[in-house]
Amino acid sequence: MSVHDLINTLTHAIAAEIPNPAPADPTGGAKGISLLFSYIKWGVLIVCGAVALASAGYMAAGKLSDRPDNVHKGKTAFLWSFGATVAAAIAIPALNTVFTAAS
């Protein structure tokens, strides 16, 4: 028996004795994490809506006071809030899928 065969045999023998435990829930079944994520998801949606309304108001105020730079800032903020809303609309179902599969 060569040294290579001896090392290979020892490696397989040692690896066969290492137990492979099943995955376990680290929270012990607590629902606190799910509740926290639920509050965060609703908070993100509320903030996105508030920013969209505030940026629309900023655009209107800039238009009424003839300040085109304020209108541009309002449009930019509105587009960012729209992008954040789309990202949240994609992330929320993904998180729900992950947590449903884990529990």
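Reading the values: rules and limits
Residues numbered from 1 in each chain as written. Predicted model: local features only at pLDDT ≥ 70, side-chain atom pairs only at ≥ 80, totals over all residues. Heavy atoms only, no water. Helix = DSSP H or I, 4+ residues; strand = E, 2+ residues; numbered from the N terminus. Buried < 20%, exposed > 50% of the residue type's maximum accessible area, 1.4 Å probe, protein only. Expected span 1.5 Å × (residues − 1). pLDDT = per-residue confidence, 0-100.

Draft legend 1. Structural detail: the environment of Leu-64. Its place among the elements puts Leu-64 in helix 2 (residues 32-64). Leu-64 gets classed as exposed once you look at its relative accessible area, which sits at 78%. Spatially, the C-alpha atom of Leu-64 lies 27 Å from that of Ile-46, the residues being 18 residues apart in sequence.

Draft legend 2. Region of the structure containing helix 2. Here helix 2 spans 48 Å end to end across 33 residues, near enough to the 48 Å set by a 1.5 Å rise per residue. Here helix 2 has its buried residues at Lys-41, Cys-48, Ala-52, Ser-55 and Gly-62. Of the residues one or two after helix 2, Asp-66 is the one with positive phi, at around 55°.

Draft legend 3. Geometry of the confidence of the model for the protein chain. Averaged over every residue, the pLDDT of the protein chain is 85; residues scoring 70 or more account for 95%. Here helix 1 (residues 3-17) stands out as the least confident element of the protein chain, with mean pLDDT 78; helix 2 is the most confident, with 90.

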